[in-house]
Amino acid sequence: MEIILKEDIIGLGYKNDIVNVKAGYGRNYLLPKGKAIMATPSAKKVLAENLRQQARKLAAIKEAADKKAQTLNDVSLVIEMKVSANGVTYGSVNAAMIAAELQKKGFDIDRKIITMHDAKALGDYVAHVHLHKEVTVEIPVKVVAENATPAPAEEAPKAEEVAVEEAPKAEETVETAEEAEAPVEE
């Protein structure tokens, strides 16, 4: 079944693309939701005329996507996750989390244009941001353990434990010194 997309659909195509889909997917989902129209000969002619008229607008949209891509090129994300003892995260890092981290850094990116394999373990991953059908940005993502850096409150009890352990050692050295002063029986 040949259809003309009315909006970008990740994994299928971009707005105004003519794509082939299975009949059930087109008839039961894309057409009723208004995401596509049937690719009849008259619809193709209308699409060709609209594309000619919109050529300047499309060039401006691509240029804006290129500018946004330039600002995103130097961005790398570090996401902290709770981790089990064997390095597996509780939950996974997905496109929504990437969008939230980008939002914190001042970039307004919709989660729907971000693709990434779910990260379920610690390590380095790559998220793809599809800004335009010809412009895609790769963002490196590092997943680290949330409790990797100990808090200062946790360090204080450890210092006290060390001091308590050192005190018995000092007493032992006094006892060994007294034993050294005693005459050795032969």
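Residues numbered from 1 in each chain as written. Predicted model: local features only at pLDDT ≥ 70, side-chain atom pairs only at ≥ 80, totals over all residues. Heavy atoms only, no water.

1. Things to note about the pattern of salt bridges
And then number 1: Within this structure, the stated rule accounts for eight salt bridges.
And then number 2: For Glu 49, the salt bridge identified is with Arg 52, shortest N-O distance 2.8 Å. Taken together, the residues Glu 49 and Arg 52, both in helix 2 (residues 41-53) and three residues apart, mark about one turn of the helix.
And then number 3: Residue classification places Glu 49 among the partly exposed residues on the basis of a relative accessible area of 34%.
And then number 4: Accessibility expressed as a relative area gives 57% for Arg 52, which makes it exposed.
And then number 5: When the shortest N-O distance is used, the salt bridge between Lys 62 and Glu 134 registers 3.7 Å. In this pair, Lys 62 is assigned in helix 3 (residues 55-72) and Glu 134 in the loop between strand 8 (123-132) and strand 9 (135-145), connecting sequence segments 72 residues apart.
And then number 6: Residue classification places Lys 62 among the partly exposed positions, given a relative accessible area of 26%. (Salt bridge = Lys/Arg side-chain N within 4 Å of Asp/Glu carboxyl O. Helix = DSSP H or I, 4+ residues; strand = E, 2+ residues; numbered from the N terminus. Buried < 20%, exposed > 50% of the residue type's maximum accessible area, 1.4 Å probe, protein only.)

2. A look at the confidence of the model for the protein
And then number 1: Considering every residue of the protein, the mean pLDDT works out to 81; 79% of them sit at 70 or more.
And then number 2: Taken together, the stretch residues 150-167 has pLDDT below 50 and engages in one contact with residues farther than four places along the chain or on a different chain.
And then number 3: Note that pLDDT drops below 50 for residues 170-174; the model gives that stretch zero contacts with residues more than four away or on any other chain. (pLDDT = per-residue confidence, 0-100. Contact = heavy atoms within 4.5 Å.)

3. Concerning the side chain of Glu 101
And then number 1: Relative to the elements of secondary structure, Glu 101 occurs in helix 4 (residues 95-104).
And then number 2: Classification of Glu 101 as buried rests on a relative accessible area of 19%.
And then number 3: When neighbours within four sequence positions are excluded, Glu 101 is seen to be in contact with Leu 77, Val 78 and Ile 79.

4. Some words on the sheet that holds strand 9
And then number 1: Strand order in this open sheet of four strands is 4-9-8-6, and the pairing throughout is mixed. Since the sheet does not close on itself, it has two edges, and those belong to strand 4 (77-81) and strand 6 (114-115), each with one partner.
And then number 2: In the packing of helix 3 onto the sheet, the strands contacted are strand 8 and strand 9, and the crossing angle to strand 8 comes to about 160°.
And then number 3: Helix 4 rests against strand 4, strand 6, strand 8 and strand 9 of the sheet, and its axis sits at about 120° to strand 4. (Pairing = 2+ DSSP bridges. Axes fitted to C-alpha atoms, helices over the stretch in contact; angles between N-to-C directions.)

5. Structural notes on the nonpolar core
And then number 1: Ranked by internal contacts, the top residues of the largest apolar core, which has 25 residues, are Leu 72, Ile 98, Leu 102, Ile 114 and Leu 131.
And then number 2: The biggest single contributor to this core is strand 9, with five residues.
And then number 3: Sequence-distant contacts of Leu 72, defined by excluding residues within four places in its chain, comprise Leu 102, Phe 107, Ile 109, Val 129, Leu 131, Val 137 and Ile 139.
And then number 4: Of all hydrophobic cores here, the second largest spans seven residues; its members include Ile 3, Val 19, Val 21 and Ala 36. (Core = buried A, V, L, I, M, F, W, Y, C linked by side-chain atoms within 4.5 Å.)

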